[in-house]
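Tertiary structure, described
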Amino acid sequence: MHQFLEHLKLQDQEIKKSPSIHNKTFSEIIENEPESITDEQRRLRVWSSDYDPVTRSPFAKDVSHLQSLLEVLLTSKNFDRARKILEAIHPLLSEPHTFIFSVNKYLQTWSHDPSVHYGDLEQFFSTMEQRYGITANERTFAIILAKYISEDGPYISYLNRFSQSKKTQILSYIDVIGVEGLMKVFSDNSISIEDVPEDLVNLFREVRNELNDKETLISEPEYFNDDNTEVPTVDKDAESLRAVDSFGLKVIRHTLLGLREEADSKEIVSIIKQMEDGLGNQSWSDDEASKLDFFKVYKTLKTEEQREKFNSGLHSFNLTRQRRLEVRGADGAKEKWKHEFEEMQKRGALPLNKGLNAQLFQWYKNLLPYVKKEAEMCQKLMDGKVSKTDLSPDEKKLYKDREYYAPYMVLVPPEKMCVITILELLKLNSTGGIVDGMRAARALISVGKAVELEYKSQSLLKSEIKAFSKKVKSTNQWKRILSNKKNNIIENPDDSTDWSYTVYAKLGAVLTNLLLFVAKVPVKAHNPTTGKTITGSQPAFFHTYQFLNGQKLGVIKLHKEIIKQLAGRSLSNAVQPQLLPMLVAPREWHSYNDGGYLYSRSTLVRIKDSAETTAYLRKAADLGNLNEVYDGLNVLGKTPWTVNRRVFEIITRYWNSGEEFLDIPPIMEEPNLPEPLPVDAEPAQKFEYQRKLRSALNEAASLRSQRCDTNYKLEIARGFLGEKVFFPHNVDFRGRAYPISPHFNHLGNDLTRSLFLFWEGRELGERGLEWLKIHLANVYGVDKAPLNERVQFVNDNLENVFESARNPYDTDAWWKKAEKPWQALGVCFELEEAYKLENPTQYVSHIPIHQDGTCNGLQHYAALGGDIEGARQVNLLPADRPQDVYKYVASLVQKRIDAEAEEGNKYAVFLQDKITRKVVKQTVMTNVYGVTFVGATAQIKKQIDQYFSGEEDVADYARYLTMHVFNSIRELFEGAHLIQDWLGDAAKRVSKSVRIDYEDAKSNDGKPNHLSSVIWTTPLGLPCVQPYRISKNQLIKTNLQDISISDPFSASQVDARKQQAAFPPNFVHSLDATHMLMTAKACGDARLSFASVHDSYWTHAADVDHMNKEIRNQFVKLHSSNLVQELKEEFEKRYKNCLQVISISGEHPLAKEIKEVRRNNVKILGRAMTAADEIYLEKTRLEHLNSEDPEKVKIGKEMVTTVSVTEKYDLNSIVGTTKNFQILVPLTFPDIPAKGELDVEVVKESPYFFS
Amino acid sequence: MTSLRSFNPALAKHFSAPLPKFQYSFKHLARRETCQAILDKLDLTKKYTQPGKLDIVDVFSGYGLFSTMINYELKPRKHVIIENIKANVGLWKEKIRILENSNANRENFVLYNRDGYNWDTYEDLISKDKLISPSFQSRDKIHDELLIIGNLSPTKYESLIAQWIMCCAYNNWLQKYGRVRMLCFVPTATAKKFMSGPAFGKRNKSSVKRDLFTNSKLVAITETEDTVVAEGSGYDPRLLFKDQPILIPSKGTLPTNSDFALLEIEPENIVATTAIEEHEHFMQNLFYSPSKKVKDQLPFIGPGALDDLAPHIPDEIMVKGIRELTKSDWELLFHVYDNWPFRPSLLDQMDFIHEDSRNF
DNA sequence: TGATTATCTAGTGATATAAGTAATAGAAAATAA
DNA sequence: CTATTTTCTACCGACAATATCACTAGATAATAA
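Going by what an unreviewed UniProt entry lists, chain B is known as rRNA adenine N(6)-methyltransferase and is assigned to Scheffersomyces stipitis. Recorded under Function (unreviewed entry), the UniProt text for chain B is reproduced unchanged: "Mitochondrial transcription factor that confers selective promoter recognition on the core subunit of the yeast mitochondrial RNA polymerase. Interacts with DNA in a non-specific manner." Taken from UniProt, the Sequence similarities (unreviewed entry) comment for chain B reads in full: "Belongs to the class I-like SAM-binding methyltransferase superfamily. rRNA adenine N(6)-methyltransferase family."

Under an unreviewed UniProt entry, chain A has the name DNA-directed RNA polymerase and belongs to Scheffersomyces stipitis. Under the heading Sequence similarities (unreviewed entry), UniProt records this for chain A: "Belongs to the phage and mitochondrial RNA polymerase family." Recorded in UniProt for chain A, the comment headed Catalytic activity (unreviewed entry) runs: "RNA(n) + a ribonucleoside 5'-triphosphate = RNA(n+1) + diphosphate".

Moving on, we get to the nonpolar core. Note on soluble globular proteins: their nonpolar side chains tend to be buried together. Residue and element names in this part refer to chain A. Ranked by internal contacts, the top residues of the largest apolar core, which has 131 residues, are F186, W499 and F541. A total of 12 residues in this core trace back to one element, the largest contributor, which is helix α18 (residues 356-382). If you look at the next biggest cluster of nonpolar residues, it comprises 115 residues, including Y630, V893, V965 and F1249.

The next thing to look at is the interface of chain B and chain A. Taken together, the 36 residues of chain B in the interface contact 43 residues of chain A. Summed over both sides, the interface of chain B with chain A buries roughly 3,400 Å², with 63% coming from carbon and sulfur. Connecting chain B to chain A are 3 salt bridges. Put simply, D348(B) and K560(A) hold a salt bridge, and the shortest N to O gap is 3.1 Å. Taken together, the elements giving at least two residues each to the side of chain B that touches chain A come down to α5 (119-128), α6 (158-170), α10 (274-286) and α15 (346-349) of chain B. When the residues that make up the side of chain B that touches chain A are grouped by side-chain class, the tally is 17 nonpolar, 11 polar and 8 charged.

Right, let's get into the packing of helix α36 (residues 885-902) of chain A against helix α38 (residues 917-927) of chain A. Residues and elements named next belong to chain A. Contact geometry of α36 with α38 gives a least axis separation of 8 Å together with a crossing angle of 110 degrees. In terms of orientation, α36 lies roughly perpendicular with respect to α38. Contact residues: α36 offers V885, Y886, K887, V889, A890 and V893, while α38 offers R917, V920, K921, V924 and M925. The residue inventory of the contact of α36 with α38, partitioned by class, reads 8 nonpolar, no polar and 3 charged.

Residue and element names in this part refer to chain B. Summarising the model, chain B shows a mean pLDDT of 91, and 96% of its residues fall at 70 or more. The lowest-confidence element of chain B is strand β9 (residues 253-254), averaging 86 in pLDDT; the highest-confidence one is helix α14 (residues 327-338), averaging 96. Quick note on the complex model: pTM equals 0.90, ipTM equals 0.93.

Attention shifts here to the pairing of strand β16 (residues 848-852) of chain A. All names here are of chain A. In terms of burial, β16 is a largely internal element, 4 of the 5 residues being buried. Note that β16 and strand β23 (residues 1096-1100) share 5 bridges and pair antiparallel. Residue pairing for β23: H850 is matched across the bridge by W1098.

Now for the sheet that holds strand β25 (residues 1221-1226) of chain A. Residues and elements named next belong to chain A. If you trace the 3 strands from one edge of the open sheet to the other, you get β17-β24-β25, paired in antiparallel fashion. One side of each edge strand has no neighbouring strand; the edge strands of this open sheet are β17 (993-995) and β25. Between one strand axis and the next, the sheet turns by 35 degrees as a mean value, whatever way the strands run. The pairing of strand β24 (residues 1138-1144) with β25 spans 6 bridges and is antiparallel. Its bridge partner being in β25, Q1140 is matched across the sheet by V1225.

This part is about the packing of aromatic side chains. Applying the stated criterion across every chain yields a total of 73 aromatic pairs over all chains. Ring geometry for F185(B) versus F260(B): centroids 5.9 Å apart, planes at 65 degrees, classification edge-to-face. Placement of F185(B) in strand β6 (residues 179-187) and of F260(B) in strand β10 (residues 260-267) is noted, with a sequence separation of 75 residues between them. With a relative accessible area of 6%, F185(B) lands in the buried category. The ring of W47(A) has R56(A) sitting right over it, with the charged end atom 5.4 Å from the ring centre.

Attention now moves to the packing of α38(A) against helix α39 (residues 933-944) of chain A. For any two helices packed against each other, one specifies the inter-axial angle together with the distance between the axes. Residue and element names in this part refer to chain A. As a packed pair, α38 and α39 sit with axes 9 Å apart at the nearest point and diverge in direction by 160 degrees. One element, α38, and the other, α39, form an angle in the roughly antiparallel class. Between α38 and α39 lies a crossing of right-handed hand. Across from K918, V919, Q922, T923 and T926 in α38, the residues of α39 making contact are A936, Q939, I940, Q943 and I944. By residue class, the composition of the contact of α38 with α39 is 4 nonpolar, 5 polar and 1 charged.

Parameters and conventions
- Residues numbered from 1 in each chain as written.
- Chains lettered and ligands numbered in written order.
- Predicted model: local features only at pLDDT ≥ 70, side-chain atom pairs only at ≥ 80, totals over all residues.
- Heavy atoms only, no water.
- UniProt positions renumbered as here; feature names shortened; annotations may be inferred.
- Core = buried A, V, L, I, M, F, W, Y, C linked by side-chain atoms within 4.5 Å.
- Buried < 20%, exposed > 50% of the residue type's maximum accessible area, 1.4 Å probe, protein only.
- Helix = DSSP H or I, 4+ residues; strand = E, 2+ residues; numbered from the N terminus.
- Contact = heavy atoms within 4.5 Å.
- Buried area = accessible area lost by both parts, 1.4 Å probe.
- Salt bridge = Lys/Arg side-chain N within 4 Å of Asp/Glu carboxyl O.
- Nonpolar A, V, L, I, M, F, W, Y, C, P; charged D, E, K, R; others polar.
- Axes fitted to C-alpha atoms, helices over the stretch in contact; angles between N-to-C directions.
- Parallel < 35°, antiparallel > 145°, perpendicular 65-115°, else oblique.
- pLDDT = per-residue confidence, 0-100.
- Pairing = 2+ DSSP bridges.
- Phe/Tyr/Trp six-rings, centres within 6.5 Å; stacked < 30°, edge-to-face > 60°.
- Lys NZ or Arg CZ within 6 Å of the ring centre and 35° of its normal.
- Left-handed = near helix turned anticlockwise from the far one by under 90°.

Here's what the structure looks like:
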């Protein structure tokens, strides 16, 4: 015992600080620099639990910096520098075997250099082998093989050095060897089909039979253009659309989407021509391809065969467009500005309020030389052509800064960087709570990230071009040949390294600063003293700061003139083209970071700052645990959509009127500002004035941002009219799915949702027609009646429906009174069309029908708790009519209040007749999210405010009412609350626990660190890591201002409060997400079109019955096991090596015993015991107990620690007395609440479970 | 030590009782000797020569030793104690009870159980409850019938002292009756900042405003614990030299070892104009980076400010650091700014974060 | 030349910034005595 | 080790404070031996 305490004394000597390489510039890094790094420093650390095989490298930040430097230096062919970086990486790696990935990266890029020969590669590798003891993997061999091939070396004999299985693996690296290379290899007769990877067999066959279809060879892939080729725009259309333009609907189609490709449109146009007979007397000319309403054509097709052919032709056309969209988007924007600029010049004067685009082009022209110059300076610096010696201190600083970002500045052509900078700054207008401006930090980061995105798209494109070299067939055809290949063929998923925030910020700051410098706007003003009108130009952007509760906030503001020109519109081009909806199905998810768009990387899980989440995810992906998640998401991604043109036209008309209509806000008028006060007004009045002013401005800003947001949605929708579109999805950390494309997606409000149609159609049938009607009733607001009554409701209103469809603009049209009017209108159109047919059931419907869970969170809680009464209220039990929870709660509240009113309670008397469903709804909903009493009171207050004239104290009434609502909810969902409480308690214990690890436990203030997040695994295998930690801020100096961002690499303490409060809702959400993904998979397997908004599942009317069955089956399947019990077991495993702090009475015998142990230890230690010390001793004890050495075990058994003495006691019995003595005990979890009698199977028979 | 001439013997027993345990982050003078020394230094009897006419508004007096002593010295017509912290209200009720018993409260203490932070308190004090009715006096001199005492020692009340200073400029609140002297206990950090002169490291916007709108003295400071005070981390040395503040022994405070300072603030004769509001923004913009020079900070004044204003500003000011600017420098800059046609409106400069207030 | 000391630098932590706090209440965490 | 004071108050999608200075440790330059 004594010795351990002595050892503990030694531990006090500080561990040496690690070097910080992450903010060294490329030239400051020398190979092998950190030789001083010890194995101890390099040791892998754990995140939340040492049970999980998920680790954290202490140098992750440095390694990531070096890897990104390596990549960009290689791209710019600085091989010497890159090599230094490469060798600097090695000592920082906690797992040395991963070094091979970096080596391969170097090797591969280096091998493309013409001056390098295959001998050099082999030489280089053997050097590395000797120096670092790494072993080559198949990719390494593939790289060398590729060099052999390209130099016509003896590649076959090289390949034949390897065993057959190894050969096969080497050949599977298409991205390295390239299709052309593979063809060479395959054409060699010594290679047999057994050597060929399974997924390349097609290619192999193709090669061996190639002679048969030589004529399909074309000289080069169609998109293989240089960056400086012009992107065609269509003048005629731009002209004819200007009228629309003035209403605020700009057209993105011809700049972003209609990058017209003669070659590619040919195929689809010819298909359409072939089908002309079936299309009546319409005819199509070539150049109309870009204006085609593909959906309109598609709908008219009669046979399955036709449709298949059409879809296939369209796919090929769209694939090209999608590529262009992602890779060339920035050019499109520039061309549009240029076009308008030239038009303006032709017409002479440049009117002030017109021609925003021309203005932008002017900025672009002014900005370009500066950016070019900056890039040149960076290049010079990297070439070592700048001497550092005779610089002034200021210049030295500048130099140092430039040295940091230079490697990243020379990657993307200056032209593109200019466009990106302008677009980003305009896009961010009015974000982050800043009116007419943006947060500077966000702006800089965004610009930096946008450059990165551009660079990555470009390099992905380049590597694709390399893989499919020029001489092969059109890429599309090859892709088809290779389509059954599992992995991404154009990229190695291992080597994606994000740039650091420092790089984003510095790069962004350079570009932003230059733009702020050059961008001017013409102004006119009256000089108040002379009365003359002055004209001149002023900076278009203005860097300033704002104070928020006494905190400084860097801000970039836009000039009023620019704001005027934007006039509450959004800039269509500003939507990152890489993130628009897709024209082809997204790439399937194959890995945690591989899926979605073609040329930009998305992650499976949206991660805020948590490297921990990424680590867990990566591990899960490596273990193959995520496949079911992929499957579900892939179903969502494969659902093709189109825009509902009829509804769109109606919306546009109301939108263009500029007036308020339903949920369309009016065009902004001047905000209604309060009258200014005299200067010597009382302080109280002044502050009141400020308050009013703020609220007026806030209101105006809300309206405008709403209008702006809607504008974005409509513009994107317009761009995709008639198109077949897809939405790539990913999930939040709980597994809930979201479309990646912002603004316009089916998760939007009523207006947005009404624009969505399934591309595929399904004949209604009897049931489908009924469901269509039920859907109408639902969106109309009649969703609490039995299904037949809902059908009846629509039947009763059929005339109204038809009338709505025929005269939608009527002032008091029926559809406008619906709860969700736009969607109602959509259904009206559909029904009217259907009834035009003799037999409406034969109508081919495209509209999605929604099935919503009633209080989905509570449904899961009820299933978890087996709580029959709760289950009944949320329709888990079969019933004749749907239960309305809100109404029921309201009635419970009513009962309570009535009772108290009897007794003369004045609150009760007043509120007696004011208890409605609406009053309680929000509180019931948010109750699942753990709303507190105060929060709920605020909600209720808002609801009952209207009944008060001002004098009475509304808050008292609200509080009173809230109390009853809370009690009623608790009474009704007793089971749910028990579960909720259990989850909360478990989360609290975890987030307040201490790992048995001295280093972790030690902290400055003597209190133990709490480092364990709540982590659980969904039934589909997705690890959920709650990302709530106390963030540590990192300061980045840029030449615009310093910015602080939370350091994503810090492993700081958990935010216990947040962990606890958020766990119950997060857990339930992870379950509903699981349910959704399971249902998606099932529906996908049944080939239904499927979409979802968390707890609302969509499909064709005809397929609703089928989907409903799946919804119920999957729910039962999900809840067939005791999920809470499993969770508890998972927790017990994961946190078994953790201690928790509990408080007991100081008088308790255990307390006395512990005091005794502490006293003894203090004597030896010579200082006060900290919690960390106790943990250290306990850790030592456990190590000895678990040792192989019986001698050690013996010592362990004899050791007495503050923790070991607690083993004799039943801790649960101690808790409860006066608590003032804190002790450490092993982490345990309370027993789970007893499950009720509910058999989940019954939901299979419950019609209103989802409806 | 001289006699405690200002100590009210009637309260001797009261102040000999054990000190209250908790102070709600307020700090107080706890020794009669210290208070006496401060009162001697303030020499207020010369400034308020008509005892029968003086009203004292005493905010957050708390423990109240200093209040009772200043009361005993000045013998005011009314001494309004504004307090609403339960424990302190109790203390004051006790004091008044004692005084009433001993001499019918000839000290004229009135307890006003309201929140001293709230502006309405002062409004009601005069208009509704009419405890005092101050006279409007000319702004040529300091008001001699009204005195404000405020214990703003909790750091969170730093905003209050800042606002009280602005009331001097805007001639509102109690300052509308004339230039009313204020005696304020403030945290040491606040005193160091607010009392800094030009070029001192802690010079900030508030200290400029203090310069512009008031004539203030540092009356007393608490003893610093550590003998070694780093350069620039203490008070402005010129200030210490000029005002020769009384040193409050660290054991003479309640709670012990707490640090604070006493300021005597006399409003200057300022005419309230809208320009003052604009100047506030002007100062704020320049003070974004207080270590930079005027020429570096001018662009933050508004779009085009550097080009438009620079020609009107003398070079020697342009190269001065923001903190180095003196009162007259600032006045010159204000003048230039006032004449700039493109100067941004108050509305444009308002710091404002839009919050999404949408709910279901 | 090697050792020692002065000087410089980057990195870290603390503090200030503005200038209504509160219209609400009750538990939990933080902090001071 | 208690009592008081402060903090915070609904989940997710959705991301952010910055300038300055004093102080430290480690690196570099300078100096004297």
